[in-house]
Amino acid sequence: MTDFLQKLRAPIGHLPESGIVELVNYGREREGLIPLWAGESDFPTPDHIMAAAISSMKVGETTYTYQRGIPELRQALARYHTRLYGQRFEMDRFYVTGSGMQAIQIAVQCIVGEGDEVIVPSPGWPNAPAAIEIAGGRPVPVPLHFSDGRWSFDLEAIAAAITQKTRAIFINSPANPTGAVLSREELLQLRDLSRRHEIWICADEVYGRFFYDGDVAPSTLEVFEPDDLLLVLNTFSKNWAMTGWRVGWIVAPPQLGQVMENMVQFSTSGVPIFSQRACVVALDEGEMFLKHQIDLATRARDLIVEGLRQSNRAIVARPGGAFYLFFGVDGETDSRALALRLVDEANVGLAPGSAFGPGGEGYLRLCFAGSLERLEQAVERLIPALK
Ligand SMILES: Cc1ncc(COP(=O)(O)O)c(C=O)c1O
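Residues numbered from 1 in each chain as written. Predicted model: local features only at pLDDT ≥ 70, side-chain atom pairs only at ≥ 80, totals over all residues. Heavy atoms only, no water.

Looking at this structure, I do not really get the pairing of strand β3 (residues 117–122). What am I missing?
A regular strand places its side chains so that they alternate between the two faces of the sheet. The element β3 is extensively covered by neighbouring structure, given that six of its six residues are classed as buried. Where burial is concerned, the two faces of β3 agree: the one with Glu117, Ile119 and Pro121 and the one with Val118, Val120 and Ser122 are both buried. The pairing of β3 with strand β4 (residues 138–143) spans six bridges and is classified as parallel. Counterpart to Ser122 in the pairing with β4 is Pro143. (Buried < 20%, exposed > 50% of the residue type's maximum accessible area, 1.4 Å probe, protein only. Helix = DSSP H or I, 4+ residues; strand = E, 2+ residues; numbered from the N terminus. Pairing = 2+ DSSP bridges.)

Can you walk me through the environment of Trp245 in this structure?
You can see Trp245 is positioned in the loop between β9 (230–235) and β10 (248–251). Once the C-alpha coordinates of Trp245 and Pro71 are considered, the two residues, 174 residues apart in sequence, prove to be 19 Å apart. Setting aside residues up to four positions removed in sequence, Trp245 forms contacts with Thr45, Met50, Ala53, Ser275 and Ala278. At a separation of 2.9 Å, a polar atom in the side chain of Trp245 contacts the side chain of Thr45. (Contact = heavy atoms within 4.5 Å. Polar contact = N/O pair within 3.5 Å; in protein donor to acceptor, adjacent residues only side chain to side chain.)

Explain the pattern of salt bridges here, please?
As a working rule, side chains carrying opposite charge can pair if their charged atoms are close by. Here the structure, examined in full by the defined rule, presents 21 salt bridges. Between Asp228 and Arg195 there is a salt bridge whose closest N-O contact spans 2.8 Å. Pair noted here: Asp228 is in the loop between α9 (220–223) and β9 and Arg195 is in helix α8 (residues 184–197), with a separation of 33 residues, a long-range link. Look at Arg195 and you get partly exposed, because its relative accessible area is 39%. In this structure, the salt-bridge partner of Arg318 is Asp302, at a minimum N-O distance of 2.2 Å. With Arg318 in the loop between β11 (314–315) and β12 (324–329) and Asp302 in helix α12 (residues 287–309), the pair connects residues that are 16 residues apart, well separated along the chain. In this structure Asp302 comes out as partly exposed when scored by relative accessible area, which is 32%. Counted as one network, the salt bridges with shared partners bring together Arg313, Glu332, Arg341 and Glu345. (Salt bridge = Lys/Arg side-chain N within 4 Å of Asp/Glu carboxyl O.)

Help me understand the layout of surface pockets, please; the structure alone is not making it clear to me.
The volume enclosed by the largest pocket comes to roughly 1100 Å³. Within the residue set of the lining of the largest pocket, elements represented by two or more residues are α2 (19–27), α5 (100–111), β3, α6 (127–134), β4 and β9. Each residue belonging to the lining of the largest pocket can be placed in one class, and the counts come to 24 nonpolar, 15 polar and eight charged. The residue makeup of the lining of the largest pocket includes at least three contributed by each of domain 1 (4–44 + 288–386) and domain 2 (47–285). (1 Å grid on protein atoms, 1.4 Å probe; cavity = no way out; pocket = protein on both sides within 12 Å on 5 of 7 lines; lining within 4 Å. Points joined across faces, edges and corners; volume = space filled by probe spheres on them. Nonpolar A, V, L, I, M, F, W, Y, C, P; charged D, E, K, R; others polar. Domains from an automatic or database assignment.)

Can you walk me through the sheet that holds strand β2 (residues 94–97) in this structure?
Neighbouring strands of a sheet are bound in pairs by backbone hydrogen bonds; such pairs are parallel or else antiparallel. Spatially, seven strands are ordered β2-β10-β9-β8-β7-β3-β4 in an open sheet, and the strand pairing comes out mixed. A single partner strand is all that each edge strand has here, and the edge strands are β2 and β4. Across the sheet, the mean angle separating the axes of adjacent strands is 25 degrees when strand polarity is ignored. Where strand β8 (residues 200–204) and β9 come together, four bridges link them in parallel fashion. Looking across to β9, one finds that Cys202 is bridged to Leu231. Across the face of the sheet, helix α4 (residues 71–85) comes into contact with β2 and β10 while running at roughly 120 degrees to β2. (Axes fitted to C-alpha atoms, helices over the stretch in contact; angles between N-to-C directions.)

Sorry if this is basic, but what is going on with the nonpolar core here?
Ranked by size, the top nonpolar core spans 110 residues in total, and within it Ile169, Phe236, Trp240, Leu308, Phe327, Leu366 and Phe368 carry the most contacts. Per element, the largest residue contribution to this core is ten residues, and it comes from α12. The residue makeup of this core includes at least three contributed by each of domain 1 (4–44 + 288–386) and domain 2 (47–285). Once residues within four sequence positions are removed from consideration, Trp240 is found in contact with Thr45, Pro46, Ile49, Tyr80, Thr235, Ala282, Leu283, Gly286, Phe289, Leu290 and Gln293. Within the second largest apolar cluster, 24 residues are counted, among which are Ala107, Val112, Val120 and Trp200. (Core = buried A, V, L, I, M, F, W, Y, C linked by side-chain atoms within 4.5 Å.)

I tried to follow the site of the ligand on my own but got confused; where do I start?
Close contacts around the ligand come from 14 residues, with Gly100, Asp204, Tyr207, Thr235 and Lys238 the closest. Here an oxygen atom of the ligand and a backbone polar atom of Gly100 are 2.6 Å apart. The separation between an oxygen atom of the ligand and a polar side-chain atom of Thr235 is 2.5 Å. A total of 390 Å² of accessible area belongs to the ligand in isolation, and the protein chains cover 93% of it. A majority-of-atoms criterion places the ligand in the largest pocket. Residue contributions to the shell around the ligand peak at three residues, all from α5. Partitioning the shell around the ligand into residue classes produces five nonpolar, six polar and three charged. (Near = heavy atom within 4 Å. Areas by Shrake-Rupley, 256 points an atom, 1.4 Å probe, with all protein chains shown as cover. Sits in = over half its atoms within 2 Å of the grid points.)

Mind showing me how you'd approach the side chain of Thr166 here?
Structurally, Thr166 can be placed in strand β7 (residues 166–172). There is a polar contact of 2.8 Å between the side chain of Thr166 and the backbone nitrogen of Thr163. Apart from the residues lying within four places of it in its own chain, the contact partners of Thr166 are Glu117, Ile119, Ala161 and Ile199.

These figures come from the coordinates and say nothing about function on their own.
Laid out in structure tokens, this is it:
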């Protein structure tokens, strides 16, 4: 019998299954299950955003299109960032991708080759290290700090992990799953590290709008200059309940325009025009929906934190950003077994901390985006199952 896995390029056949997807596959068919394992709400995409895609399809926009993204969307991205950060952004810094995940893939493929190292704070979302491994690189985990009930990045440890082989620091702030947020001062330190060592910063800022100590989380875009070694990765998925649309964007130096165009052409060959039309509406006319989502998440954070504390076993840290609670359960050390049990006994789907790399074991991740009713019900089911 042919060993097909052996016939593949080295890292590919041996990539572990995503520990999040494993849980989803285990429980997705359960009747009445409350799925809080993935990073999405229970809201559909708003009607006025969907309407733009439908009209676009109806007028025949079903062809190939611009590889960098349609000009209207790149302009809308420039307007959105200008509004958000109070400084002028030009459209030639924005490139449309087929999801935030593809933005990560492209960034990593542009930078990382065989034997290269990329520093990745851990615990963290597993897809970035997986993309680095697929490219032949080595993710170098650096532990996050946990103190005073909050997770934070350890800039000293990140600096100490830089070697001759380091090509990039991959940073996700606000972070999935811990909610850690880089302060403006820490972003400046990161920028100085990048300049001093001539290494790239890949900044995954998909949760930038879900920030609980102000309007928008501090961004690399505010402290880096356009000619710094910076790629910012983002998505339409989270802000506008568009996880199924698969559209994201990269903010990159305009000099990389041709490279970005090539990377899209030689992978997906572009993002559907009709999806992009919907994204223009999301950016220009989606603020009310987004503010409502942020308001709900702010209330959900309190609801979940207070609710789980009632179990007397949950060890709960209040996240500063993103929409996840990453909590421990006293006496439980096998998060995968616990998450499987909670599917069976509480009919609630959570992601096991072990899926998030070194430092994640012993925790569970709960997504608190979406309606409060659903979360209240989840808490009611979780408390007895955890007691
Ligand atoms: C930290 C982080 N980055 C990027 C993404 C990618 O989102 P998408 O591929 O849906 O655009 C996610 C999705 O969960 C995420 O949590």
